[in-house]
Amino acid sequence: MSLETDKQHWADRQERGSFWLMKLTAFAAKVLGRRLLSPLLYGIVLYFFIFGRSARQAAWQYQQRLADWSGRTELRPSHWRVFGQFMAFADSLLDKLDVWNGKLSLEQIEIVDPALLRNHLRDSRGQMLVGAHLGNLEMCRALAELGEKVTMNVLVHTKHAEQFNRLLGEAGATHLRLIQVSELDPVIMLQLSERLERGEWLAIAGDRIPLHGGRSVTVDFMGRPAAFPQGPWLLAGLLKCPINLLMCLKHEGRYRVTLEPFAEAVVWKRSDREQVIAHWAGLYAQRLAHYCLQAPQQWFNFYPFWKTDDDAHS
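All values reported here derive from a predicted model rather than from experimental measurement. (Residues numbered from 1 in each chain as written. Predicted model: local features only at pLDDT ≥ 70, side-chain atom pairs only at ≥ 80, totals over all residues. Heavy atoms only, no water.)

**Section: the overall build of the protein**
Scanning the protein for helices and strands turns up eight helices and nine strands. In the protein, which comprises 314 residues, the proportion classed as buried is 55%. Pairs at least 24 apart in sequence give 75% of the contacts found in the protein among residues at least 6 apart. Accessible surface for the protein amounts to roughly 14,300 Å². Of this, 56% is attributable to carbon and sulfur atoms. (Helix = DSSP H or I, 4+ residues; strand = E, 2+ residues; numbered from the N terminus. Buried < 20%, exposed > 50% of the residue type's maximum accessible area, 1.4 Å probe, protein only. Contact = heavy atoms within 4.5 Å. Areas by Shrake-Rupley, 256 points an atom, 1.4 Å probe, with all protein chains shown as cover.)

If you want it as structure tokens, here you go:
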């Protein structure tokens, strides 16, 4: 869960509570079903909205940045619009439960794939997908479980990856696996390389910096400097694999999964690594801003994304 009630780093709170929250909600969804669970979950999110001052300020900051950058005055923050962003988060959690419990079919998902990347899901060597905490990344399971039956390895920073995997297995996710990549040690790199060679795909979010030892790069995001992780671009250079963007946004009650070619190769040497990574992170930030405009209230990073802020309100 991404909501915060103080100024802790997002991962610090998530590390302690997200596994048990997932276990509890998965159990509640099976016992109660979505209709009975919805009021409870919306009540929890309402609590976070009322008492989570830092999360409210972060949402206000994001909405202000998006409105200023785009010139769209209707996107300017208000208490009602910030509350709407919290409610969209609650809705996305309920959708996650539907995915975990197999209640979502491929027919309920629109896949936008103009470059026909799905045709490459069965290639002899896999590729990398870079997503964001915009919309619902759980929909990558639509490709793994519902569509092409390709194995999707979701790279995460949580230490509870194996426990999450057990829960995913109990929910029937046989082609989706979480892999902890807090540190890019040789063992992890070898494992990821072997998975690519087997034709498996890697998926990683490109918009959050890990709590411990995460390298970051500062680039322009909606007209202001913001820190983005170096991880996806470091990995792509080390693994020598193509990168595609994966965005999963909700439109009129249906999810739209967009696959977009991004980089055929990320090539860096030790001497120019920082510049190359900054280049690709900057291009990613541009595309992320573009997709934020398509779903303004589906941004679920409830922490101060821009460290220097003069326009956050409660």
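**Brief notes about the pattern of salt bridges**
Taken as a whole, this structure holds nine salt bridges when the rule is applied. Among the ionic pairs, Lys250 bridges to Asp91, the shortest N-O distance being 2.8 Å. Here Lys250 is found in strand 8 (residues 243-251), whereas its partner Asp91 is found in helix 3 (residues 79-100), with 159 residues between them in sequence. Accessibility assignment for this pair places Lys250 and Asp91 in one class, buried. In this structure, Arg125 and Glu197 form a salt bridge, with 2.6 Å as the shortest nitrogen-oxygen distance. Taken together, the residues span a long stretch of sequence, with Arg125 in the loop between strand 1 (109-112) and strand 2 (128-131) and Glu197 in helix 6 (residues 186-197) at a distance of 72 residues. You can call Arg125 partly exposed: its relative accessible area is 23%. (Salt bridge = Lys/Arg side-chain N within 4 Å of Asp/Glu carboxyl O.)

**Remarks on the pairing of strand 5 (residues 201-205)**
Among the five residues of strand 5, five are classified as buried, and the element is accordingly described as predominantly covered. Alternating positions in strand 5 separate into two faces, Trp201, Ala203 and Ala205 on one and Leu202 and Ile204 on the other, with burial throughout. Sheet analysis places strand 2 next to strand 5, joined by four bridges and oriented parallel. Residue pairing for strand 5: Met128 is matched across the bridge by Leu202. (Pairing = 2+ DSSP bridges.)

**A few points about the packing of helix 2 (residues 53-70) against helix 8 (residues 273-294)**
The geometry of helix 2 relative to helix 8 is characterised by a closest axis approach of 11 Å and an angle of 100 degrees between their N-to-C directions. The angle between helix 2 and helix 8 falls in the class roughly perpendicular. Seen from helix 2, the contacting residues are Tyr62, Leu66, Trp69 and Ser70; seen from helix 8, they are Ala289, His290, Cys292 and Leu293. Split by residue class, the contact of helix 2 with helix 8 holds six nonpolar, two polar and no charged. (Axes fitted to C-alpha atoms, helices over the stretch in contact; angles between N-to-C directions. Parallel < 35°, antiparallel > 145°, perpendicular 65-115°, else oblique. Nonpolar A, V, L, I, M, F, W, Y, C, P; charged D, E, K, R; others polar.)

**Some words on the pairing of strand 7 (residues 224-229)**
Across six bridges, the pairing between strand 6 (residues 216-221) and strand 7 is antiparallel. Residue pairing across strands places Val217 opposite Phe228, the latter belonging to strand 7. Linkage of strand 6 to strand 7, two consecutive antiparallel strands, is achieved through a turn of two residues, within which Met222 is found at a positive phi near 60 degrees.

**Re the packing of aromatic side chains**
Summed over all chains, the structure comprises 22 aromatic pairs. Here the aromatic rings of Phe228 and Tyr284 are separated by 6.0 Å at their centres, their planes lie at 80 degrees, and the arrangement is edge-to-face. Of this pair, Phe228 sits in strand 7 while Tyr284 sits in helix 8, placing them 56 residues apart in sequence. Like Phe228, the residue Tyr284 is buried in the burial classification. When the centroid spacing of 5.1 Å and the interplanar angle of 75 degrees are considered together, the rings of Trp299 and Phe305 count as edge-to-face. The ring of Trp268 is capped by Arg273, whose NZ or CZ atom sits 5.7 Å from the centre of that ring. (Phe/Tyr/Trp six-rings, centres within 6.5 Å; stacked < 30°, edge-to-face > 60°. Lys NZ or Arg CZ within 6 Å of the ring centre and 35° of its normal.)

**Considerations on the UniProt feature "transmembrane region" (unreviewed entry) in the protein**
Those residues carrying the UniProt feature "transmembrane region" (unreviewed entry) are residues 36-55 in this numbering. Between the first and last C-alpha atoms of residues 36-55 the distance is 26 Å; the span itself is 95% helix and 0% strand. (UniProt positions renumbered as here; feature names shortened; annotations may be inferred.)

**A closer look at the nonpolar core**
Among the nonpolar cores identified, the biggest contains 51 residues, and Phe221 and Leu288 are the most heavily contacted of them. Sort the elements by how many residues they give to this core and helix 8 lands first, with ten residues. Here Phe221 is in contact with Ala226, Phe228, Ala285, Leu288, Ala289, Trp299, Phe305 and Trp306, once residues within four sequence places are set aside. (Core = buried A, V, L, I, M, F, W, Y, C linked by side-chain atoms within 4.5 Å.)

**Considerations on helix 8**
Along its 22 residues, helix 8 runs 32 Å from first to last C-alpha, staying within 8% of the 32 Å computed at 1.5 Å per residue. Listed in full, the buried residues belonging to helix 8 are Arg273, Val276, Ile277, Trp280, Ala281, Gly282, Tyr284, Ala285, Leu288, Ala289, Tyr291 and Cys292. (Expected span 1.5 Å × (residues − 1).)

**Description of helix 7 (residues 231-239)**
Of all nine residues in helix 7, seven are buried; the element is thus mostly enclosed. Those residues of helix 7 not exposed but buried are Pro232, Trp233, Leu234, Leu235, Ala236, Gly237 and Leu239. Phi turns positive, to about 55 degrees, at Lys240, one or two residues after helix 7.

**Topic: the environment of Val82**
Here Val82 lies in helix 3. Each C-alpha atom of the pair Val82 and Ala58 lies 9.5 Å from the other, and the pair is 24 residues apart in sequence. Sequence-distant contacts of Val82, that is, excluding residues within four places in its chain, are made with Phe49, Arg56, Ala59, Trp60 and Gln63.

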